[in-house]
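Spelled out, the chains give:
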Amino acid sequence: MMANSPWGDTPNGGKDGSGSGGGDKEPPAGPRNPWANPRPENSFGQNRPSGVSSLEELLKKARQNGGGGGGGFGGSSGGNPLGGNPKLVKYGAIALVGVFAFFSMVHIVPPEKEGVVTTLGSYSRTVGPGVKFTLPPPLERIRLEDVRAIRTMAIGSPSATDENFVLTRDQSIVDLAYEVRWTVNDPAYYFFQIANPEETIREVAESAMRATVANFDLVQAIGPGRVEIESQVQQRMQDLLNEYRAGVTIQGIAIRQADPPSQVDEAFKEVTASRQERESAINLARAYERQVLERARGDTSAFDQIYEQYKLAPRVTRQRLYYETMENVLSQVDKTIVEPRGVTPYLPLNEIQRRADPAAGSVQAAPVAKGGQ
């Protein structure tokens, strides 16, 4: 007789786990085998069949529910997670490819931009604003560039720590700070002709500025010649960039600062003030010169007119000139000259004249009569 198991009878009802020994009898009370499956119960308290785990039941039910229809997981479609219909998968893939191709082939170019299309990396064409079509990448690609925006590049700085010295015609040094305004007129040249467009524009601007300032002296460079310098620099830059085929248009040059070096700034200000005083004195002298010349020209014109009248009537003209001259001479004199006839020894003509003209002088004099009365 075999020894009993230390865990008691087996779940099969036998004493040694072999199934013999009366499977219809209830197992005796005592410790159970921990490695055997428990005797599960359903929701109604009834015992489930022994020897079947809950995981196996779940998998079995999943296979039963998914089979036959082909619409679920693990069905007759071979386990296809997208369904058992191969046409649906095919159409879905085609639709996905079509959407990708549509968004990669259709491009909207804004009004302020132009597009450069490349075919396998080589330039193909330039397209304007609107809806444009290209082949899908990597066959064709499009690159947009704003051709209307005015871009500004600052060269030099008004601060003393960043000085930009330029040599003038009179061997002087001027500190220049200026701005360059430019736009893109041909995106194809701008993208493919030069490696670094902005750095090229900066170098061309500095070269053109130095070549232009070398034709002006220091006074002109910091004063009246700045407008001419800006115009010449713009023209020089445009000519050089056209030779490079850079696809860039220079809109203008603006000089923000034109000063001597900071080390000699005070002395230069004194020299500038002296030059301004000299120019002011010269201008005053020239104004007085013009005034005297105009007065002399007027007197000459009046004398010529009188001479023409004198040739026509010498006696009348001579008498008229005499009267006008005497009137100018004696108009401010406190004397009265009258004819001798009918004049009494004393006639207060001076007093009468003062009463008539209060602004007359206070010097009194006796009346003078021709003929000696």
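Residues numbered from 1 in each chain as written. Predicted model: local features only at pLDDT ≥ 70, side-chain atom pairs only at ≥ 80, totals over all residues. Heavy atoms only, no water.

### Remarks on the overall build of the protein
Alright, step 1. Across its full length, the protein holds nine helices and eleven strands.
Alright, step 2. For the protein, with 373 residues in total, the buried portion stands at 21%.
Alright, step 3. Considering only intrachain contacts with a sequence separation of at least 6, the fraction spanning at least 24 residues in the protein is 59%. (Helix = DSSP H or I, 4+ residues; strand = E, 2+ residues; numbered from the N terminus. Buried < 20%, exposed > 50% of the residue type's maximum accessible area, 1.4 Å probe, protein only. Contact = heavy atoms within 4.5 Å.)

### Description of the packing of helix α7 (residues 265-312) against helix α8 (residues 314-330)
Alright, step 1. Look at α7 against α8: their axes get within 6 Å of each other, and the N-to-C directions meet at 135°. As summarised for this structure, α7 and α8 are arranged oblique, according to the angle between their axes. Residues Ile306, Gln309, Tyr310, Lys311 and Leu312 of α7 form the contact with α8, whose own contacting residues are Pro314, Thr317, Arg318 and Leu321.
Alright, step 2. Here the contact of α7 with α8 is composed, by residue class, of five nonpolar, two polar and two charged. (Axes fitted to C-alpha atoms, helices over the stretch in contact; angles between N-to-C directions. Parallel < 35°, antiparallel > 145°, perpendicular 65-115°, else oblique. Nonpolar A, V, L, I, M, F, W, Y, C, P; charged D, E, K, R; others polar.)

### Description of the pairing of strand β8 (residues 173-184)
Alright, step 1. When you tally the buried positions in β8, you get nine out of twelve residues, the bulk of the element.
Alright, step 2. Two elements, strand β6 (residues 151-155) and β8, share five bridges in a ladder whose sense is antiparallel. Opposite Ala154, over in β8, you have Glu179 as the bridge partner.
Alright, step 3. Looking at chain direction, strand β7 (residues 165-167) and β8 are connected through three bridges and run antiparallel. Bridging from a neighbouring strand, Val166 pairs with Val174 of β8.
Alright, step 4. Hairpin remark: β7 followed by β8, antiparallel, with five residues in the connecting loop; positive phi at Gln171, about 65°.
Alright, step 5. Looking at chain direction, β8 and strand β9 (residues 248-259) are connected through ten bridges and run antiparallel. (Pairing = 2+ DSSP bridges.)

### With respect to the packing of aromatic side chains
The description of an aromatic ring pair uses the distance of the two centres, along with the angle that the planes make with each other.
Alright, step 1. The final tally for this structure, using the stated rule, is five aromatic pairs.
Alright, step 2. Pairing Trp182 with Tyr190 gives two aromatic rings, centres 6.2 Å apart and planes at 35°, and the pair type is tilted.
Alright, step 3. What links up through ring pairs into an aromatic cluster is the set Tyr123, Trp182, Tyr190, Phe191 and Phe192.
Alright, step 4. Looking at Arg143, its charged tip hangs above the ring of Phe191, at a distance of 3.9 Å from the centre. (Phe/Tyr/Trp six-rings, centres within 6.5 Å; stacked < 30°, edge-to-face > 60°. Lys NZ or Arg CZ within 6 Å of the ring centre and 35° of its normal.)

### Some thoughts on the nonpolar core
Burial of nonpolar side chains together is a common tendency in soluble globular proteins.
Alright, step 1. Membership of the largest hydrophobic core comes to 33 residues, with the highest contact counts inside it found for Leu176, Tyr178, Val180, Trp182, Met209 and Met237.
Alright, step 2. At the level of elements, β6, β8, α3 (187-192), α4 (197-213), α5 (218-222), α6 (226-244) and β9 are the ones that each hand at least two residues to this core. (Core = buried A, V, L, I, M, F, W, Y, C linked by side-chain atoms within 4.5 Å.)

### Here we look at a nonpolar patch on the surface
Alright, step 1. On the surface, Tyr322, Tyr323, Met326, Val329, Leu330 and Val333 cluster together into a nonpolar patch covering about 540 Å² of accessible area.
Alright, step 2. By secondary structure assignment, the location of Leu330 is in helix α8. (Patch = residues over 30% accessible without salt bridge, like charges linked within 9 Å, V, L, I, M, F, W, Y side chains within 5 Å. Areas by Shrake-Rupley, 256 points an atom, 1.4 Å probe, with all protein chains shown as cover. Salt bridge = Lys/Arg side-chain N within 4 Å of Asp/Glu carboxyl O.)

### Side note on the confidence of the model for the protein
Alright, step 1. Taken as a whole, the protein shows an average pLDDT of 76; of its residues, 68% reach a score of 70 or greater.
Alright, step 2. The low-confidence segment residues 67-80 (pLDDT under 50) makes 13 contacts with residues lying over four places distant or belonging to another chain.
Alright, step 3. Counting interchain partners and residues more than four positions distant, the pLDDT-below-50 stretch residues 362-373 has 18 contacts. (pLDDT = per-residue confidence, 0-100.)

### Some words on the sheet that holds strand β2 (residues 113-119)
Alright, step 1. Across the sheet, which stays open at both edges, the three strands sit in the order β3-β2-β5 with antiparallel pairing between neighbours. The sheet terminates laterally at β3 (122-127) and β5 (140-146), the two strands that pair on one side only. For this sheet, the mean angle separating the axes of adjacent strands, direction not counted, is 25°.
Alright, step 2. Judged from the five bridges that link them, β2 and β3 form a sheet pairing that is antiparallel. When the sheet's bridge partners are listed, Gly115 is paired in β3 with Val127.

### What about the environment of Tyr123?
Alright, step 1. One can find Tyr123 in strand β3.
Alright, step 2. Along the chain, Tyr123 and Phe192 lie 69 residues apart, while their C-alpha atoms are 8.3 Å from each other.
Alright, step 3. Those residues in contact with Tyr123, other than ones at most four positions away along the chain, are Val116, Val117, Thr118, Ala188 and Phe192.
Alright, step 4. Polar side-chain contacts of Tyr123 include one of 2.8 Å to the side chain of Thr126. (Polar contact = N/O pair within 3.5 Å; in protein donor to acceptor, adjacent residues only side chain to side chain.)

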